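# Observations on the model geometry
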Amino acid sequence: MFAVCAVFTLQAQTTAELIETFSNKIRHAPAVETAFLWNESVSGTMILQGEWFYIHMDEFYVYCDGEIKYYYNEGTDEWQELSHDRNSPDILENPSAFFNRLNEDFYYPDTPVRKENPGVEPVWEVTLVPHSVNSPFAFIVISLTVKDLTPLHIRYALSDGSEYSIVLTSFDIVPERPARFFAPDTSL
């Protein structure tokens, strides 16, 4: 009986409930660490801790302490510091705002799509369309496991028509890092 109720509950979830639960999972985690493959060609890692984050893709490193973004290009051995735009909805510019504002910046159908394929874990597929015509996104599609809402895939199109995909190869809740991790010493 309990299993039947659990299955019914998973199928009865609304998209708003899924997005809220997923956003809360990230928001309340000490930190989230993920490995990903961007656009089927560039592997990377990301650590997200509140409004602080770290992204490594190819020879580029981005550290953000919530105020300043520190860019490091390993190929040229150069650092650059820029002010952090807390309002940027771009996932690579501000992953914290992107994940925390999914339920505010986008509209979506009331019912998520549940996809099941033999031998593959079932997923919820959620399509998000921005409220604002000034958004850099035309749409975003997020695939979350039914079991625990772990993100597996993010596909998005920008307003210029270009499309990208992010395959998340790992997504883990991890202990928080010290603040100095997100504000590296660039004088070295």
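Residues numbered from 1 in each chain as written. Predicted model: local features only at pLDDT ≥ 70, side-chain atom pairs only at ≥ 80, totals over all residues. Heavy atoms only, no water.

## Side note on the overall build of the protein
Regarding its fold elements, the protein presents four helices and 12 strands. For the protein, whose C-alpha radius of gyration is 18 Å, the value lies close to the compact-globule estimate of 16 Å for 188 residues. Referenced to the eigenvectors of the C-alpha coordinate spread, the extents of the protein come out at roughly 60 × 35 × 30 Å. In the protein, buried positions account for 39% of the 188 residues. Counted over contacts in the protein with a minimum sequence separation of 6, partners at least 24 positions apart contribute 43%. Summed over all atoms, the accessible surface of the protein reaches about 10300 Å², with 54% contributed by carbon and sulfur. (Helix = DSSP H or I, 4+ residues; strand = E, 2+ residues; numbered from the N terminus. Rg over C-alpha atoms; globule rule 2.2 N^0.38 Å. Buried < 20%, exposed > 50% of the residue type's maximum accessible area, 1.4 Å probe, protein only. Contact = heavy atoms within 4.5 Å. Areas by Shrake-Rupley, 256 points an atom, 1.4 Å probe, with all protein chains shown as cover.)

## Details of the pairing of strand E3 (residues 52-57)
Across six bridges, strand E2 (residues 42-49) lies against E3 in antiparallel orientation. Looking across to E3, one finds that Ile47 is bridged to Tyr54. Counted between consecutive antiparallel strands, the loop separating E2 from E3 contains two residues, among which Gly50 sits at a positive phi close to 65°. As paired strands, E3 and strand E4 (residues 60-64) are joined by five bridges and run antiparallel to one another. Within E4, the position partnered with Tyr54 by the bridge is Tyr63. Counting the residues between successive antiparallel strands, the hairpin from E3 to E4 contains two residues, one of them, Asp58, with a positive phi of roughly 55°. (Pairing = 2+ DSSP bridges.)

## Concerning empty space enclosed by the protein
Inspection of every chain in the model, using the stated rule, returns one cavity of 30 Å³ or more. Each pocket or cavity is described by its volume, and for the largest cavity that value is around 110 Å³. Contributing to the lining of the largest cavity are Thr34, Phe36, Met46, Ile55, Ile91, Leu92, Phe99, Ile154, Ile166 and Leu168. Counting residues per element, the ones that place at least two in the lining of the largest cavity are strand E1 (31-38) and strand E12 (163-174). Of the residues in the lining of the largest cavity, the class split is nine nonpolar, one polar and no charged. (1 Å grid on protein atoms, 1.4 Å probe; cavity = no way out; pocket = protein on both sides within 12 Å on 5 of 7 lines; lining within 4 Å. Points joined across faces, edges and corners; volume = space filled by probe spheres on them. Nonpolar A, V, L, I, M, F, W, Y, C, P; charged D, E, K, R; others polar.)

## Overview of the packing of aromatic side chains
Overall, the coordinates contain 16 aromatic pairs when judged by the stated rule. Taken together, a centroid distance of 5.1 Å and an interplanar angle of 55° make the contact between Tyr54 and Tyr63 tilted. Neither Tyr54 nor Tyr63 differs from the other in exposure class; each is buried. Seen in terms of ring centroids, Tyr72 and Trp79 are 4.8 Å apart; in terms of plane orientation they differ by 35°. Their pairing is tilted. Using a relative accessible area of 29% as the deciding quantity, one classes Trp79 as partly exposed. Every member of this aromatic cluster is reached through a ring pair, and the members are Phe22, Trp38, Phe98, Phe99, Phe106, Phe137, Tyr156 and Tyr164. Directly above the aromatic system of Trp124 lies the positively charged group of Arg114, at a separation of 5.8 Å from the ring centroid. Across from the ring centre of Phe181, 5.3 Å away, lies the NZ or CZ of Arg177, which sits over that ring. (Phe/Tyr/Trp six-rings, centres within 6.5 Å; stacked < 30°, edge-to-face > 60°. Lys NZ or Arg CZ within 6 Å of the ring centre and 35° of its normal.)

## Section: the confidence of the model for the protein
Taken residue by residue, the protein gives an average pLDDT of 88. The fraction at 70 or more is 93%. Mean pLDDT values over the elements of the protein span from 40, in helix H1 (residues 2-12), up to 96, in E1. For the stretch residues 1-12, pLDDT sits under 50, and the model shows six contacts to residues farther than four places along the chain or on other chains. (pLDDT = per-residue confidence, 0-100.)

## Looking at the nonpolar core
Side chains of a nonpolar character, in soluble globular proteins, are inclined to be buried together. Residues Phe99, Leu102, Leu128, Ile140, Ile154, Tyr156 and Ile166 are the most contacted members of the largest nonpolar core, which totals 34 residues. Apart from the residues within four sequence positions on either side, Tyr156 is in contact with Trp38, Ile91, Leu92, Phe137, Phe139, Ile140, Ser162, Glu163, Tyr164 and Ile166. Counting residues in each nonpolar core, the second largest holds seven residues, with Ile47, Tyr54, Tyr61 and Phe182 among its members. (Core = buried A, V, L, I, M, F, W, Y, C linked by side-chain atoms within 4.5 Å.)

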